[in-house]
Amino acid sequence: MPTATFRIWRGNAGSGSFQDYDCEISEGMVVLDAVHKIQAEQANDLAVRWNCKAGKCGSCSAEINGSPRLMCMARLSQVPLDKPVTIEPMQTFPLVKDLVCDVSWNFEVKKQLKPFSPRPPDAEDGSWRVLQRDVDRVQEFRKCIECFLCQDVCHVLREHHFHDRFIGPRFLVHAAALEMHPLDSEDRVGQLRETDGIGYCNITKCCTNVCPEHITITDNAIIPLKERVVDEFYDPLRMVFRVFQK
Amino acid sequence: MIEHEPIQYDVLVIGAGGAGLRAAIEARAMGASVGLVCKSLLGKAHTVMAEGGVAAALSNVDDRDNWEVHFADTMRGGQYLNNCRMAELHAKEAPARVRELEAWGAVFDRSPDGRILQRNFGGHAYPRLAHVGDRTGLEMIRTLQDYAVHQEIDVHMECAVIELLTDGERVVGAFAFDRDRGTFKVFRTKAVVLATGGIGKAYRITSNSWEYTGDGHALAYRAGAALIDMEFVQFHPTGMVWPPSVAGILVTEGVRGEGGVLRNSLGERFMFSDIPPAYRNQTADNEEEGWRYTQGDKDARRPPELLTRDHVARCIVREVKEGRGSPHGGVFLDIAWIKERLPNAAEHIKRKLPSMYHQFKELADIDITEEPMEVGPTTHYVMGGVRVEADSQMTDVPGLFAAGECAAGLHGANRLGGNSLSDLLVFGKRAGEYAARFAQENSAREISRDHTARVARTALEPFDRSVDTDGAENPFEIQQDLQKMMQDQVGIVRNEHDIQAAVEGIGRLRERAERVAVSGNREYNPGWHTALDLQNLLAYSEAIARSALARKESRGAHTRLDYPDKDEKLGKLSVVIRKNSDGDLEVSWEPIPDIPEGLQRIIDARK
């Protein structure tokens, strides 16, 4: 059987380095298979986070040869194997160990966002009447598997570390899913501008490029939200109107 | 050795898939303080992988549907070994539980008149599965998760419970460790809800994730609760078979619900050649009628591809064994053929089955709108589990509740597709409600420090052994050997000789597990985690094998080559597994609950 070399980051928050592992490969293997094989045969304590191994749970995010991907969907047949395959943890979050990083910040961010708040039901049994074409758009956003690759690649978080003032593409998609939900009655536009930091996004579309669910994050979620913010806060007519209201 | 004082809650929920989240939400709504423990990050639990839909007699698409039909379908699918009270509650309450999800933000696919759309599925008389394309599980878990995070529920992510703490009378807490830092946590609680899911990781070919190590089954067994029906392991008929590294990944039954057909290497629709008598009246006898059924013709009967999972899996095994399989040891599942019948078929398939399209395209280089898939059975679900009281979901151990896949009763000898998602909503809610009530009526009790110290010591033993000494065992190797053995000897078709060999093999693996050694330290150490998982894997594997040995008949998902027929009198009995006073596993038989006259009438009317 052919072998390939995998250059895997080993270490914790304190220190670490890349280590090379040779691993036999077979047809159809994905990067996560190789990591598991190395773990079972050569490095029992190699830390990797994973779950479904089918691209549905978004647990095994990492950077493979520098690009943010799900390890379970990265086929070895699409990666050059004549030189070592580099696997390292996502860079935007603090490292726990090896390929595992601490993504708890994301869970804290979600708690701060206003929850879904439906309008009163349309029917006596507590149900609503909504057409498919009215939910198509939010269904795209609800495909998100929370792999946080978009957060990883977003320069506002990755380079500028604005975790305290910018919620990142994942949660802008979440906000869009709520704002454009046909039943939702909450208003999040003020929060988007003031605390969520939507203005920091300068639509470079890096997030859209790495999304394993192919959600058009920038065009379909972020830009329409930015337009709502502009309409509400920067529309000249409304600004005049607000002056008179005071 | 134990770093902190016990963490106190009224109710501790173990597992944060659908059942655990729903239980936690309900217990909190009842006013209880709630801790929720999950082995993964929140929202990653196995529910996320459910594809086809959630079964509920909403009758949005076919107004002939109601709870009685759903109840009768569930009982027939389970070969009448089900707990009929659970089947009744499930059928009655599922619609309200689904509507509640919509009120919490779930966005189901819509019918033309704007209601929740429902689709056909195996064993269900009418289109009954509310769904979101083929990612229904993701929609459900995200809805529950996003609702739960605003309810003041304490979530302990990447934390695993390794022992329930009891005081001889009832459950008093749980002992856990943090997977990332490796530190121990002790919970002191008035009630505990087990919602730990299934057991698939004891098998080599499985649709289940690493988390499915039967923790709830093993924890409850060690705490003194009874397990029932453990011989009934569901092998989903359609898992991927190629390439090898993805073998076992699920191919949703929704493919067949949307008109996909099964063919052997001769191109035959082999499912037409073997239709069980109990289903003959409800099954199409020609391809044309089957197609019309999938397109919503109310006068048509369902195609035989939509027979129950146990039967379809056995037929696939037969085709492969008799030399009519596909090149990689499966059969062909073809949805591309519908282009003969539908305009824009490729777009239709991509819209109805987006993640299947994606999965085959990315993992197998196959475009399912153009060519057939190769599929074969994969370990999917366990019908058996912790025995619970139907209304409250309380186990034999006071204060200990169980819900979802780790609990038993609803599905009998075989589960219908779609009934697991409704199961975890209906009984997750009930378990949360009754656990909170139990907590209101009972005070917290003391935790034995001796007990926690003993558990901690045992948990750390693998570090005491050096990986370099003679006879030191690698935990991953033991798990792989177990998976191979269970797959080959306690798999889809079984016989006395093989099962007996597996029982003995488990004994040998247990001896090897005592010599497991791990390297490194306690910080996020998968070798250590696997060493700890082995205790649970071996405990419930023995329960499965011993139950399979006891049931000398073929029924539902349990197929014995040496006893190919049903045994009338075993159809009224469950195999019960308990730990006896010597700490050994004991097998006994107990009658299933009587079916009251009213429910029997519903069953008879639809036989």
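Here the structure is a predicted model, which means the values were calculated and not measured. Here the residue numbering is sequential within each chain, running from 1 through the sequence in written order. Chains carry letters from A onward and ligands carry numbers from 1 onward, assigned in written order. Local features in this predicted model are restricted to residues whose pLDDT is 70 or higher, and side-chain atom pairs enter the listing and the counts only when it is 80 or higher, whereas totals over whole chains, interfaces and linings include all residues.

S.K.: Sorry if this is basic, but what is going on with the overall build of chain A here?
M.R.: Under the DSSP-based scheme used, a helix requires at least four consecutive residues in state H or I and a strand at least two consecutive residues in state E, with every element numbered from the N terminus. Counting its secondary structure elements, chain A contains 10 helices and 7 strands. Taken along the three principal axes of its C-alpha coordinates, chain A extends 75 × 45 × 25 Å. For chain A, the proportion of its 246 residues judged to be buried stands at 44%. In chain A, once contacts between residues fewer than 6 apart in sequence are set aside, the share between residues at least 24 apart is 61%. Using C-beta atoms placed from the backbone, we call a residue buried if 20 or more other C-beta atoms fall within 10 Å of its own, exposed if 12 or fewer do, and partly exposed for counts in between. Here contacts are defined at the residue level, using C-beta atoms placed from the backbone and a cut-off of 7 Å between them.

S.K.: What should I look at first to understand the interface of chain A and chain B in this one?
M.R.: Every contact between the two is made by 49 residues of chain A and, on the other side, 47 residues of chain B. Among the secondary structure elements, those contributing two or more residues to the side of chain A that touches chain B are helix 1 (31–41), strand 6 (95–97), helix 2 (104–112) and helix 3 (132–141) of chain A. Among the elements that make up the side of chain A that touches chain B, the one with the highest residue count is helix 3 of chain A (4 residues). Each residue gets one of three labels, nonpolar for Ala, Val, Leu, Ile, Met, Phe, Trp, Tyr, Cys and Pro, charged for Asp, Glu, Lys and Arg, and polar for the others, Gly among them. Partitioned by chemical class, the residues of the side of chain A that touches chain B number 23 nonpolar, 13 polar and 13 charged.

S.K.: Can you help me understand the sheet that holds strand 10 (residues 227–228) of chain B in this one?
M.R.: Through backbone hydrogen bonds, the strands of a sheet pair up, either in parallel or in antiparallel fashion. All names here are of chain B. Two strands make a pair as long as DSSP finds a minimum of two bridges between them. One open sheet holds the 4 strands; their spatial order is 15-10-19-20, and the pairing between them is antiparallel. Of all strands in the sheet, those bounded by a partner on one side alone are strand 15 (385–386) and strand 20 (585–591). Pairing analysis gives 2 bridges linking strand 10 to strand 19 (residues 573–579), with the strands arranged antiparallel. Counted as the bridge partner of Leu-227 is Ile-577 from strand 19. A fitted line through C-alpha atoms serves as each axis, taken over the contacting stretch for helices, and the angle formed by two N-to-C directions is quoted from 0 to 180°. Lying over the sheet, helix 15 (residues 526–550) contacts strand 10, strand 19 and strand 20, oriented at roughly 50° with respect to strand 20.

S.K.: How do you make sense of the domain arrangement of chain A when you look at a structure like this?
M.R.: Many structure descriptions define interface size as the accessible area lost when the parts assemble. Residue and element names in this part refer to chain A. Bear in mind that the domain bounds are from an automatic or database domain assignment. Assigned domains within chain A: domain 1 (3–101) and domain 2 (104–238). The straight-line distance from the C-alpha centre of domain 1 to that of domain 2 is 30 Å. Each partner contributes to the interface: domain 1 provides 12 residues, whereas domain 2 provides 13 residues. Within the side of domain 1 that touches domain 2, the residues separate by chemical class into 6 nonpolar, 5 polar and 1 charged.

S.K.: Got a minute to help me understand the sheet that holds strand 1 (residues 3–11) of chain A in this structure?
M.R.: All names here are of chain A. Read across the sheet, 5 strands follow the order 2-1-5-3-4 without closing on themselves; strand pairing throughout is mixed. Single-partner strands in this sheet number two, and they are strand 2 (16–24) and strand 4 (67–70). Along the sheet, successive strands turn relative to each other by an average axial angle of 35°, direction set aside. Pairing of strand 1 with strand 2 involves 9 bridges; the strand directions are antiparallel. The residue of strand 2 that forms the bridge with Ile-8 is Gln-19.

S.K.: In this structure, what is going on with the domain arrangement of chain B? I would like to understand it.
M.R.: Residue and element names in this part refer to chain B. Each assigned domain of chain B is listed here: domain 1 (237–377) and domain 2 (465–570). In this structure, domain 1 and domain 2 have C-alpha centres spaced 31 Å apart. Counting residues at the interface gives 5 residues for domain 1 and 5 residues for domain 2. Among the residues forming the side of domain 1 that touches domain 2, the class breakdown is 3 nonpolar, no polar and 2 charged.

S.K.: Which parts of the structure should I look at to understand the environment of Gln-480 of chain B?
M.R.: Residues and elements named next belong to chain B. Topologically, Gln-480 is positioned in helix 13 (residues 475–489). Of the residues examined, Gln-480 has 13 C-beta atoms within 10 Å and is grouped as partly exposed. Counting along the chain gives 231 residues from Gln-480 to Ile-249, while the straight-line C-alpha distance between them is 18 Å.

S.K.: Explain the pairing of strand 19 of chain B to me, please; I cannot follow it from the model alone.
M.R.: On a regular strand, each side chain points to the face opposite its neighbour's, so the side chains alternate between the two faces of the sheet. Residues and elements named next belong to chain B. Of the strand pairs in this sheet, strand 19 and strand 20 are connected by 7 bridges, and their pairing is antiparallel. What sits directly across from Arg-578, in strand 20, is Glu-586. From the end of strand 19 to the start of strand 20, which pair antiparallel, there are 5 residues, and Gly-583 there has a positive phi angle of about 85°.

S.K.: Looking at this structure, how should I read the pairing of strand 9 (residues 184–194) of chain B?
M.R.: All names here are of chain B. Extensive coverage of strand 9 is indicated by the burial of 10 of its 11 residues. Here 7 bridges tie strand 1 (residues 7–14) to strand 9, and the two strands are oriented parallel to one another. Directly across from Tyr-9, in strand 9, lies its bridge partner Thr-189. In this sheet, strand 9 lies alongside strand 8 (residues 171–178) in antiparallel orientation, the contact comprising 5 bridges. The residue bridging Phe-175 from the neighbouring strand is Val-186, located in strand 9. If you look at the hairpin formed by strand 8 and strand 9, you'll find 5 residues sitting between the two strands, and Gly-182 has a positive phi there, around 80°. Pairing analysis gives 3 bridges linking strand 9 to strand 16 (residues 400–402), with the strands arranged parallel. By the bridge assignment for strand 16, Val-193 is matched with Phe-401.

S.K.: Mind showing me how you'd approach the packing of helix 13 of chain B against helix 15 of chain B here?
M.R.: Residue and element names in this part refer to chain B. Interhelical geometry of helix 13 versus helix 15 gives an angle of 30° and a closest axis separation of 9 Å. As far as their axial angle goes, helix 15 and helix 13 are roughly parallel. Between helix 13 and helix 15 lies a crossing whose hand is left-handed. Residues Pro-475, Phe-476, Ile-478, Gln-479, Leu-482 and Met-486 of helix 13 touch helix 15, and the partners they reach there are Gly-527, Thr-530, Ala-531, Leu-534, Leu-537 and Ser-541. Among the residues forming the contact of helix 13 with helix 15, the class breakdown is 8 nonpolar, 4 polar and no charged. Angle categories: roughly parallel below 35 degrees, roughly antiparallel above 145, roughly perpendicular from 65 to 115, and oblique for all the rest. Helix crossings fall into two classes, left-handed where the near helix is turned counterclockwise from the far one by less than a right angle and right-handed where it is turned clockwise.

S.K.: Would you take a moment to explain helix 14 (residues 496–513) of chain B for this structure?
M.R.: Each α-helix winds once per 3.6 residues, and so residues spaced three or four apart point in a common direction. Residues and elements named next belong to chain B. A helix's residues, less one, multiplied by 1.5 Å, set its expected span. A rise of 1.5 Å per residue sets the reference length of helix 14, with its 18 residues, at 26 Å; its end C-alpha atoms lie 25 Å apart and thus fit the reference within 8%. Buried residues of helix 14: Asp-498, Ile-499, Ala-502, Gly-505, Ile-506 and Leu-509, and no others. Axial view of helix 14: buried residues confined to an arc of 115°, hence all on one face. Opposite its buried face, helix 14 presents the exposed residues His-497, Glu-504, Gly-507, Arg-508 and Glu-511, each directed more than 90 degrees away. In this fold, the buried residues of helix 14 make contact with helix 13, strand 17 (493–494) and helix 15. The reported arc concerns the directions from the helix axis to the C-beta atoms and nothing else.

S.K.: Would you mind showing me how to read the confidence of the model for chain B here?
M.R.: Any segment with low pLDDT has predicted coordinates that should not be analysed in fine detail. Model confidence for chain B is summarised by a mean pLDDT of 96, while 99% of its residues fall at 70 or above. In the predicted assembly, ipTM is 0.95 and pTM is 0.96. Values of pLDDT, the confidence the predictor places in each residue, fall between 0 and 100.

S.K.: What's the story with the environment of Cys-315 of chain B in this structure? I'm lost.
M.R.: Within the element layout of this structure, Cys-315 of chain B appears in helix 8 (residues 309–321). For the pair Cys-315 of chain B and Asp-274 of chain B, spaced 41 residues apart in sequence, the C-alpha to C-alpha distance is 7.9 Å.

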